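# Geometric and topological summary
Each chain, written out:
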Amino acid sequence: DVKVTQSSRYLVKRTGEKVFLECVQDMDHENMFWYRQDPGLGLRLIYFSYDVKMKEKGDIPEGYSVSREKKERFSLILESASTNQTSMYLCASRDGQGAGQPQHFGDGTRLSIL
Amino acid sequence: AQSVTQLDSQVPVFEEAPVELRCNYSSSVSVYLFWYVQYPNQGLQLLLKYLSGSTLVKGINGFEAEFNKSQTSFHLRKPSVHISDTAEYFCAVIITGTASKLTFGTGTRLQVTL
């Protein structure tokens, strides 16, 4: 089974801090994704990566950046955290062979910015 | 661009009753369709997917969905629900033959009670 591991289940940070959310997958998947999930809004794509050192903006990239130095690891960075970035963050990975391949999700990081 | 509409934000149902969760999509080209389930405090898990072929797709946990191209719908059904089916359900769509960006609906909360 595919395993996508997010480093923290719960995280509390302060406004203005630089925040790192880490995600690791163990299936050698090419594609990786970061979403945020908010009540009534579903999942919104922040950034995604087709392969190592590649990244593409999603629908809501403002205030975020990403890093993919190794195939198995995809990091989401909040450059200067703000209260409106309090949310649930979900990481996913996917085999890059074909659009019909499903995404596999981690259990999420619930981030609170005070 | 494609979009997904889940009209029902919440669906209450008694145990052993049938349920249908509605999903409509908008796209001018052909798509692949997915249903994911999210149990409390967990990430998303694939229930089923439609890529091609038979329009009736069977998934895990007794769920099934029917692709209706003329009505651009992909409704999820289960003939008899269990308390353990209480969760949030997300419909998602991706355009065939394109980059791997899924578009999610806003989710439907299924609440099963005795």
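This section reports on the structure supplied with the text. (Residues numbered from 1 in each chain as written. Chains lettered and ligands numbered in written order. Predicted model: local features only at pLDDT ≥ 70, side-chain atom pairs only at ≥ 80, totals over all residues. Heavy atoms only, no water.)

### Things to note about the interface of chain A and chain B
The following threshold applies: Only heavy atoms matter for contacts: two residues are in contact if any of them lie within 4.5 Å across the pair. What counts as buried area is the accessible surface, traced by a 1.4 Å probe, that two parts surrender upon association, with contributions from both included. Take a side-chain nitrogen of Lys or Arg and a carboxyl oxygen of Asp or Glu: if they are within 4 Å of each other, that pair is a salt bridge. For this analysis, a polar contact is any N or O atom pair within 3.5 Å, provided that within protein one partner can donate a hydrogen and the other can accept it, and provided that sequence-adjacent residues contribute only side-chain to side-chain pairs. Secondary structure elements follow DSSP: runs of H or I no shorter than four residues count as helices, runs of E no shorter than two count as strands, and numbering proceeds from the N terminus.
Listed as interface residues are 23 residues of chain A and, on the opposing side, 23 residues of chain B. Regarding the contact of chain A and chain B, the summed buried area is about 1800 Å², with carbon and sulfur atoms giving 56% of it. Our count for the chain A to chain B interface comes out at 0 salt bridges. There are 5 residue pairs in polar contact (both at pLDDT 80 or more) connecting chain A and chain B. Residue assignment for the side of chain A that touches chain B shows that the elements contributing at least two residues are β4 (31-38), β5 (42-49) and β9 (87-94) of chain A. The element contributing the most residues to the side of chain A that touches chain B is β4 of chain A, with 4 residues.

### Quick notes on the packing of aromatic side chains
Stated formally: Aromatic pairs are defined between Phe, Tyr and Trp rings, using the six-membered ring for Trp, whenever the two ring centres lie within 6.5 Å; interplanar angles under 30 degrees are classed as stacked, those over 60 as edge-to-face, and all others as tilted. Whether a residue is buried, partly exposed or exposed follows from its accessible area with a 1.4 Å probe, protein chains only, as a fraction of its type maximum: under 20%, in between, or over 50%, in that order.
The tally for this structure, following the rule as stated, stands at 13 aromatic pairs over all chains. Ring centres of Y50 of chain B and F67 of chain B lie 4.4 Å apart, and the angle between their planes is 20 degrees; on these two criteria the pair is classed as stacked. With a gap of 17 residues between them, Y50 of chain B in strand β6 (residues 44-50) and F67 of chain B in strand β8 (residues 64-68) connect regions that are remote in the sequence. Judged by relative accessible area, Y50 of chain B falls into the buried class, the value being 8%. Using a relative accessible area of 12% as the deciding quantity, one classes F67 of chain B as buried. Taken together, F33, Y35, F48, Y50 and F105 of chain A together with F34, Y36 and F104 of chain B form an aromatic cluster joined through their ring pairs.

So far we have only geometry, and geometry alone does not tell us how the molecule works.
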